[in-house]
Amino acid sequence: MLELKEYQRRTLRAFSEWEQALATAHQEYEQRALVLSRASLEPSADDANYPAKAWASLSGSESILAGERPHVDRYDGAGRSIPHVCFKIPTGGGKTLLGAAALERLGMQTGFVLWIVPSRAIYAQTRKAFWTRQHPYRQLLEFASGGRVKVMEKDDRLQQGDLDNYLCVMLLMLPAANRRKGKEFLRMFRDSGRYSTLFPREDDVAAFAALLETHPDLETNPSGTVKHSLFNVLKMQRPVVVLDEAHKAYGGKGADDFVAAVNRLNPRLVIELSATPNAAISNLLVDISGADLGREEMIKLPVEVSTSDGDWTDTLARAHDRLVDLTAAAQQLEGRSGRYIRPIGVIRVERTGKDQRGTGYLHAEDVREHLIGRLGEAPESVRVKSSQSDEIAGEDLMSPYSSVRWIITKAALMEGWDCPFAYVLVMLDNTRSSTAITQLMGRVMRQPGARRTGETALDRCYVHCWQTGVDESVNAVKHGLENEGLTGLGQDVQTSDVLSVEPRVIERRPQFRDADIFLPKVLARRDETWVDLSYERDILPGIDWASLEVPDTGDHRSGQREATEQTISVGLDDDGISTSLTRRVGMTADNSVSIVWFVRQLIDMVPNPWQASRVALGYIGALRAEGHDDGEIYADRRWHVNHVRESLAAEIDAAAQAVFVSKLRSGDIRFDLEASEPNFKMADTFTYIWSEGDHTFEYAGRPVQQSLFDPLFQNQFDSDLERQFAFYLDEHEAIDWWHRVAARQSHDYYLRGWQTDRIWPDFVALSASDDRAARLLVVDTKGEHLAGNADTTYKEQVFATLEEHLSGADAIDCGEVKLGPRGEQGRFRIVFHQHQFDEALA
């Protein structure tokens, strides 16, 4: 199963919650319409607008934004309400992945999906992903449909058998979806022989009349017969529409026309994926910020901006030196960890056309010659990507066998191109326009493997600008981030001349330099030694898998569709259709539900196959006992798998917590303030990568006084809340010292709980006052919008458990500081707002 990030899980939970509310509202509408029809009455417009009622019913939900703004109504060509929602996901956040996952949550095994994209580049990228069976997008569609996916283009033949037996996903570009855009769209209205089985025979007058009665808004020929057009096929099938990069369609003057064009297709549901939604058009379900992506290690931060005047070759030389340094750091990383990264530079020039060289503008070939002839790059390492020449076509840029280090372009990479190895953006077009930076920023921000390296240089990205002022460049980059939906990252844009970036050794303040300061670590007993707690080695083996309860069957929508013959796909033909063995996927040859298939969906969560089988058998047995036959269970199998996984996740987390607490109490897990290793020993110094413009951290015009290390800098803090809390600590008379933890840095402090990931608090401090003994303070700060989410709840539980255990211990030396008696040794808190500062230290 694909492992999703927390914000992605949050998005899908919100979507499921909305979908359930929509189903309830629709059912209530149909019941009311039935009662009214018996009295020869019609439901009111308000009654028929069930999407608005579903939206209103979710007001106050912690997980979604419904209720915070009025519902935007839409109606199709037949006057029916169209349910539509928008996922606000920044560039690099996996919009397409979430779109595919949303279809999977809908349980679409057969039927029609219209996937609309804004450009040829994104069209080609999406098409390749959907055609590649190993790709996560395709796997989600395969899983939803039972291995029967047909990826289509608008000129492909479509038959009734396809719709009955496949999940048909048709890709369409924006120009083809908007009638005002010309001939591409007009082709959708033409008669065609590709859809003959979807319409009655032309001589069957009664059937045509019945068709028009059911679908009165179909387009007809002058003779009165219904056009055999793709447009009419879409109106009849009422597809689920996924609008990728929706802001491309809704951002211009033709936004209303495009909305009307989509509405005329009679969609049963519209899912919009957008980095910068149009609030007047879209119903915003979730709002994921750039800071969310930063926390999940999806993007490289900070962004270092360097500017230079003089000749363009000077700017290129500096960028080249940067890439050389990054390559050396990547090679060292590979030597230590085996993790492969090959940093790539992306260069924007003024011209790329064959006949445009020598016209007074910087040409791609000028840059190529300089990189090879003057800077020593190998010819095969420098490629040009333009509308006329695509020298990276078909190349796997992530492969160790690729030699690409530089890509020169003008506009061809502005969208639809993603390579996490791209680290350096070089702007050599001296147009002084921020548009190019705005459109190219997202190309260099993706973090390789969505996981930080721990190497400072490889966890950030770089922009080099030629003949552009520092402020102008920084503002352009910030604007570019906002345009990519990467909100909340203004503090992560740093000015940095290549020669003024330097490592600085930061020391403790003089009064703390001779002190051995130890902080408690969560340690596990391993034979006769103590080591860092490992989830896999110390928690998982302690879970009693036999005690896992079979989940309740839940309030599922039984028998959504009949079980149909499916195939186990062993390859793809030229049309992107899964082929080979014919049978019902998820079912055995004798038409009973396949336990093996069900277990495979659980084995990543329940590593004991016997117990996973017991859970699957028990759950399917409970469904049968409720009267559901195998066909119904098969039809809803994806819903059942998700339901069982969600139930087991909560149960396994509770079991892991119980193992953690039990071992903590028995002494097999240790958490104390013993002043010796393997507890964490605070370093005497650490290295900070300082850059020009990064000012010392000051409060009311003076540097802070009580920090353990000095000096501190503005860029060591990620949010205003963190800065405010640091000022609060520094002013508090009871604080002896405080320290800003550098998350995910090898030299700094972290905690562990009963899940896999480390917990990096934002602050540790020591409080000391005359009327009570010293006490350790561990604090994490979070914005109020994160209160109540799964990650925050987990941290709160871990903090409470560790505080309770630490406070029950005897007084222990913490280096040269004597901590107090029971109940006074430590406080672990999460702070969401400034008014909680006093409570954290109370």
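Residues numbered from 1 in each chain as written. Predicted model: local features only at pLDDT ≥ 70, side-chain atom pairs only at ≥ 80, totals over all residues. Heavy atoms only, no water.

Draft legend 1. Spotlight on the overall build of the chain. Counting its regular elements, the chain contains 26 helices and 32 strands. By the burial criterion, 54% of the 842 residues in the chain qualify as buried. Summarising the internal contacts of the chain: among those between residues at least 6 apart in sequence, 72% fall at separations of at least 24. Accessible area for the chain stands at about 36100 Å²; split by element, carbon and sulfur atoms hold 46% of it. (Helix = DSSP H or I, 4+ residues; strand = E, 2+ residues; numbered from the N terminus. Buried < 20%, exposed > 50% of the residue type's maximum accessible area, 1.4 Å probe, protein only. Contact = heavy atoms within 4.5 Å. Areas by Shrake-Rupley, 256 points an atom, 1.4 Å probe, with all protein chains shown as cover.)

Draft legend 2. Representation of helix α15 (residues 312-337) in the model. Here α15 spans 37 Å end to end across 26 residues, near enough to the 38 Å set by a 1.5 Å rise per residue. Among all positions in α15, only Trp-312, Thr-315, Leu-316, Ala-319, His-320, Arg-322, Leu-323, Leu-326, Thr-327, Ala-329, Ala-330 and Leu-333 are buried. Where α15 is buried, its residues contact β8 (303-308), β9 (344-348), α16 (364-373), β11 (406-409), β12 (422-427) and β13 (461-466). Just downstream of α15, Gly-338 is the residue with a positive phi angle, here 80°. (Expected span 1.5 Å × (residues − 1).)

Draft legend 3. Just the packing of helix α21 (residues 609-625) against helix α23 (residues 637-666), in detail. Contact geometry for α21 and α23: axes closest at 12 Å, N-to-C directions at 125°. As summarised for this structure, α21 and α23 are arranged oblique, according to the angle between their axes. Read as a crossing pair, α21 and α23 show a hand that is right-handed. Contacts between α21 and α23 involve Val-615, Tyr-619 and Leu-623 from the first element and Trp-639, His-640, His-643, Val-644 and Leu-648 from the second. Taken together, the residues that form the contact of α21 with α23 break down as 6 nonpolar, 2 polar and no charged. (Axes fitted to C-alpha atoms, helices over the stretch in contact; angles between N-to-C directions. Parallel < 35°, antiparallel > 145°, perpendicular 65-115°, else oblique. Left-handed = near helix turned anticlockwise from the far one by under 90°. Nonpolar A, V, L, I, M, F, W, Y, C, P; charged D, E, K, R; others polar.)

Draft legend 4. Molecular detail of the nonpolar core. One finds Phe-87, Ile-347, Val-367 and Met-445 to be the most contacted residues of the largest nonpolar core, which totals 109 residues. With near-sequence residues (within four places) excluded, Val-367 lies in contact with Trp-312, Leu-316, Ile-347, Val-349, Leu-362, Ile-408 and Leu-428. (Core = buried A, V, L, I, M, F, W, Y, C linked by side-chain atoms within 4.5 Å.)

Draft legend 5. Helix α4 (residues 95-106), seen in detail. Look at α4: 17 Å from first C-alpha to last across 12 residues, which is about the 16 Å you get at 1.5 Å a residue. Here α4 lies mainly inside the structure; 12 of its 12 residues are buried. All of the buried residues along α4 are Lys-95, Thr-96, Leu-97, Leu-98, Gly-99, Ala-100, Ala-101, Ala-102, Leu-103, Glu-104, Arg-105 and Leu-106. Of the residues one or two after α4, Gly-107 is the one with positive phi, at around 70°.

Draft legend 6. Quick peek at the packing of aromatic side chains. Taken as a whole, this structure holds 18 aromatic pairs when the rule is applied. Among the aromatic side chains, those forming a connected cluster through ring pairs are Phe-697, Phe-717, Phe-725, Phe-727, Tyr-728, Trp-738 and Phe-763. A cation over a ring is seen here: Lys-300 above Tyr-423, with NZ or CZ 4.4 Å from the ring centre. Directly above the ring of Tyr-750 sits Arg-758, whose terminal nitrogen or CZ lies 4.1 Å from the centroid. (Phe/Tyr/Trp six-rings, centres within 6.5 Å; stacked < 30°, edge-to-face > 60°. Lys NZ or Arg CZ within 6 Å of the ring centre and 35° of its normal.)

Draft legend 7. Layout of the packing of helix α6 (residues 136-145) against α23. Between α6 and α23, the shortest axis-to-axis distance is 8 Å and the interhelical angle comes to 110°. One element, α6, and the other, α23, form an angle in the roughly perpendicular class. Of α23, the residues touching α6 (which contributes Phe-143, Ala-144 and Ser-145) are Arg-637, Arg-638 and Val-641. Tallied by class, the residues present in the contact of α6 with α23 amount to 3 nonpolar, 1 polar and 2 charged.

Draft legend 8. The arrangement of the pairing of β13 in detail. Taking burial as the measure, the 6 residues of β13 include 6 buried ones, the bulk of the element. Here β13 shows a buried face lined by Cys-461, Val-463 and Cys-465 and a second buried face lined by Tyr-462, His-464 and Trp-466. Sheet topology note: the β8/β13 ladder contains 6 bridges and is parallel. The partner of Glu-304 across the bridge, within β13, is Tyr-462. (Pairing = 2+ DSSP bridges.)

Draft legend 9. View of the confidence of the model for the chain. A residue-level look at the chain finds 84% of positions with pLDDT of 70 or above and a mean pLDDT of 82. Within the chain, no element has a lower average pLDDT than strand β19 (residues 566-567), which sits at 35, and none a higher one than strand β6 (residues 269-274), at 96. Note that residues 558-591 has pLDDT below 50 and, in this model, 98 contacts with residues that lie over four places away or in other chains. Across residues 809-824, confidence stays below pLDDT 50; counting only partners more than four residues off in sequence or on other chains, it has 48 contacts. (pLDDT = per-residue confidence, 0-100.)

Draft legend 10. Inspection of unusual backbone geometry at higher detail. For the bond from Leu-301 to Pro-302, the omega torsion is 0°, close enough to zero to count as cis. Within the element layout of this structure, Pro-302 appears in the loop between α14 (290-295) and β8. Look at the link from Asp-710 to Pro-711: it is a cis peptide, with omega at 5°. Tracing the sequence through the fold places Pro-711 in the loop between β26 (709-710) and α24 (720-731). Its identity is not glycine, yet Asn-266 carries a phi of approximately 55°, on the positive side. We note that Glu-297 has phi near 65°; this positive angle belongs to a residue other than glycine. Classification of Glu-297 as buried rests on a relative accessible area of 12%.

Draft legend 11. The arrangement of the sheet that holds strand β21 (residues 669-670) in detail. Strand order across the open sheet formed by 3 strands is β18-β17-β21, with antiparallel pairing between neighbours. Of all strands in the sheet, those bounded by a partner on one side alone are β18 (529-532) and β21.

Draft legend 12. Layout of the pattern of salt bridges. Evaluated as defined, the whole model comprises 42 salt bridges. Residue Arg-105 pairs with Glu-646 through a salt bridge whose shortest N-O separation is 3.8 Å. Separated by 541 residues along the polypeptide, Arg-105 in helix α4 and Glu-646 in helix α23 bring together distant segments of the chain. Among the salt bridges present, the one from Asp-604 reaches Arg-645, with a minimum N-O distance of 2.8 Å. With Asp-604 in the loop between α20 (595-600) and α21 and Arg-645 in helix α23, the pair connects residues that are 41 residues apart, well separated along the chain. In this structure Asp-604 comes out as partly exposed when scored by relative accessible area, which is 41%. Overlapping salt bridges, with partners in common, bring together Glu-6, Arg-9 and Arg-13 in one network. (Salt bridge = Lys/Arg side-chain N within 4 Å of Asp/Glu carboxyl O.)

Draft legend 13. Quick peek at the sheet that holds strand β2 (residues 111-117). Read across the sheet, 7 strands follow the order β3-β4-β2-β5-β6-β1-β7 without closing on themselves; strand pairing throughout is parallel. Looking at which strands have only one partner, the edges of the open sheet turn out to be β3 (149-153) and β7 (284-287). Sheet twist, expressed as the average angle between the axes of neighbouring strands with direction ignored, equals 20°. Sheet topology note: the β2/strand β4 (residues 167-173) ladder contains 7 bridges and is parallel. Across the sheet, Gly-111 pairs through a bridge with Leu-167, a residue of β4.

Draft legend 14. Quick look at the side chain of Arg-740. Among the structural elements, Arg-740 can be located in strand β27 (residues 735-740). A polar contact is formed between the side chain of Arg-740 and the side chain of Glu-722, at a distance of 2.9 Å. Within polar-contact distance, the side chain of Arg-740 engages the backbone oxygen of Asp-762 at 3.4 Å. If near-sequence neighbours (up to four positions away) are discounted, Arg-740 is found in contact with Gln-716, Phe-717, Asp-718, Glu-722, Asp-748, Asp-762 and Phe-763. (Polar contact = N/O pair within 3.5 Å; in protein donor to acceptor, adjacent residues only side chain to side chain.)

Draft legend 15. The arrangement of the pairing of β2 in detail. Burial analysis of β2 places 7 of its 7 residues in the buried class, which makes it a mostly covered element. Here β2 shows no split at all, with Gly-111, Val-113, Trp-115 and Val-117 on one side and Phe-112, Leu-114 and Ile-116 on the other all buried. In the sheet, β2 pairs with strand β5 (residues 240-244) via 4 bridges, with the strands oriented parallel. Pairing of Leu-114 across the sheet is with Val-241, part of β5.

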